[in-house]
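Each chain, written out:
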Amino acid sequence: MATTVITNIKQLVNTRKENRMLRGKELADLPCIDNAYLIIEDGVIAEFGEMQELKANINHRATAIDGSGQFVLPAWCDSHTHLVFSGSREEEFVDKIKGLSYAEINAKGGGILNSTKKLNATSEDVLFNLAWKRLEEISLLGTGAVEIKSGYGLTLDGELKMLRVIKRLRGKSNLTIKSTFLAAHSYPVEYRENHPGYIDLIIHKMLPTIAAEKLADYIDVFCEKGFFNVEEMETICKAGMSYGLKPKLHVNQLNSIGGIQSGIRMNALSLDHLETMTEDDITALSQSETIGTLLPTAAFFLRMPFQPARQLIDAGCVVALASDYNPGSSPSGNMNFVVALSCIQLKMLPEEAINAATLNGAYALQLEKELGSISVGKKANLIFTKKIPSAASLPYNFGTNLIDKVMIGGEFLS
Ligand code: NIG
Ligand code: FE
């Protein structure tokens, strides 16, 4: 048995005996142990506690690591990304600086449809290599689990190609990966005037193949004016649910059109974005079991009002944080910056942001039994920080990489 013993850890962060989704006030409670030890056996957390409780008779063949001055946290669980994509979109970035809105860029054939053109002209192998590099990049930034969506194919072949790339990433990577089917990201040009035709293609051609090849865990729809309305979202989700795909949805980024209430009715695992929330939306979410996943870097990049994290938390919602890594609205998968922005602009406490990016993120991936906290039996996907004075240093020093090492399944990444 491979054993690693880490001693003298300045602080072990998010140590939990009980697993539960953190709601409202509970988010501010981040259990930690000062001057701690941690024992990992075969890639799994076996034991932890205060240094003075460490028994002297540890297996002397164990690898010993001195954690003096370091904080050790669960790796980030990034529950919303689109990291399989082809080219980047700097032209639109400049257009936006010049004053065009997100909706105007979409109407010009830019936006999602720009990425669709690029994706459909790229081979599966090239896409895989591009996505692999992004996975490596985010893992070194502390991400230990990630959800990845399709949604830039918008044809049977294109969507299958994306989902097969995700399946290959899953097979090769040590990160834990979940896959989401998002053909309802935008209407493709050919179906602009024929929405029922595209929905029919999703339901009768794409979904059966995806289910047969077990290519997706979740179903997603971009529910916004100019994209998919609530009724269309429900039709697509119900078809997905009949194949066992739970909804995990894009709602309330640009408009409040009933996506929250509909998502809750369908027992969605999470409702993501939430820049534009009415009082009623917040109340409905707070009374549900559905997770509200905030994507602050998308609001930042698009210069939109930030998500009302304070109202959501104060109303008693379950809140998670994710990167939304994609070429159009968040060309970064850096969860450290997501956490920092959540503290700086959304006024989340560092404890709330860390909980939302770890344990609640794990719940938003249905991985809470294996990831998201320092708990016996969970996988040793961990962040080791440089020598810092407090966990709040992480969001405070927002532009500095304070990660010393990342461990995935008990092994350090190099
Ligand atoms: O989550 N808003 C919809 N989808 C992505 C953006 C996709 C794109 O612009 O390529 C998002 O922000
Ligand atoms: Fe997204």
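Residues numbered from 1 in each chain as written. Chains lettered and ligands numbered in written order. Predicted model: local features only at pLDDT ≥ 70, side-chain atom pairs only at ≥ 80, totals over all residues. Heavy atoms only, no water.

Student: Which residues make up helix 9 (residues 279–286), and what values do they have?
Tutor: What helix 9 keeps buried is the set Asp281, Ile282, Leu285 and Ser286. Along the axis of helix 9, the buried positions cluster into a sector of 125°, meaning they face one direction only. Relative to its buried face, helix 9 has exposed residues pointing more than 90 degrees away, namely Glu279 and Asp280. Buried residues along helix 9 sit against helix 8 (259–265), strand 11 (270–273), strand 12 (291–294) and helix 11 (309–314). (Buried < 20%, exposed > 50% of the residue type's maximum accessible area, 1.4 Å probe, protein only. Helix = DSSP H or I, 4+ residues; strand = E, 2+ residues; numbered from the N terminus. Arc of directions from axis to C-beta. Contact = heavy atoms within 4.5 Å.)

Student: Quick one: what's the story with the coordination of the iron ion (ligand 2), residue by residue and with numbers?
Tutor: Distances from the iron ion (ligand 2) to its protein donors, namely His80 (NE2), His82 (NE2), His250 (NE2) and Asp324 (OD), fall within the range 2.1 to 2.2 Å. Mapped onto the polypeptide sequence, the residues donating to the iron ion (ligand 2) form the spacing pattern H-x1-H-x167-H-x73-D. Taking relative accessible area as the criterion, histidine 82 reaches 2% and is therefore assigned buried. (Donors = N, O, S within 2.8 Å, 3.2 Å for Na, K, Ca; no water.)

Student: So what's going on with the packing of helix 4 (residues 124–140) against helix 5 (residues 156–172)? Which residues, and what values?
Tutor: Two elements in contact, helix 4 and helix 5, have axes separated by 10 Å at closest approach and are oriented at 50°. Between helix 4 and helix 5, the crossing angle belongs to the class labelled oblique. For the crossing formed where helix 4 meets helix 5, the hand is right-handed. Contact residues: helix 4 offers Glu124, Asp125, Leu127, Phe128, Ala131, Trp132 and Leu135, while helix 5 offers Lys161, Arg164, Val165, Arg168, Leu169 and Lys172. Considering only residue class, the contact of helix 4 with helix 5 consists of 7 nonpolar, no polar and 6 charged. (Axes fitted to C-alpha atoms, helices over the stretch in contact; angles between N-to-C directions. Parallel < 35°, antiparallel > 145°, perpendicular 65-115°, else oblique. Left-handed = near helix turned anticlockwise from the far one by under 90°. Nonpolar A, V, L, I, M, F, W, Y, C, P; charged D, E, K, R; others polar.)

Student: Any details on the domain arrangement of the protein chain? Residues and values, ideally.
Tutor: The domain boundaries assigned to the protein chain delineate domain 1 (3–75 + 373–412) and domain 2 (77–363). Distance from the C-alpha centre of domain 1 to the C-alpha centre of domain 2: 30 Å. If you look at the interface, domain 1 gives 31 residues, while domain 2 gives 36 residues. Summing both partners gives a buried area of about 2,500 Å² for domain 1 against domain 2, and 64% of it is carried by carbon and sulfur. Of all residues in domain 1, the largest losses of buried area upon contact with domain 2 belong to Met21, Arg23 and Leu27, amounting jointly to 27% of the total for that side. Seen at the junction of domain 1 and domain 2, the total is 1 salt bridge. Between glutamate 289 and arginine 23 there is a salt bridge whose closest N-O contact spans 3.6 Å. Applying the counting rule to domain 1 against domain 2 returns 15 residue pairs in polar contact (both at pLDDT 80 or more). Mapped onto the side of domain 1 that touches domain 2, the elements with two or more residues apiece are strand 5 (71–74) and strand 15 (403–408). A total of 3 residues in the side of domain 1 that touches domain 2 trace back to one element, the largest contributor, which is strand 15. For the side of domain 1 that touches domain 2, the class distribution of residues is 17 nonpolar, 6 polar and 8 charged. (Domains from an automatic or database assignment. Buried area = accessible area lost by both parts, 1.4 Å probe. Salt bridge = Lys/Arg side-chain N within 4 Å of Asp/Glu carboxyl O. Polar contact = N/O pair within 3.5 Å; in protein donor to acceptor, adjacent residues only side chain to side chain.)

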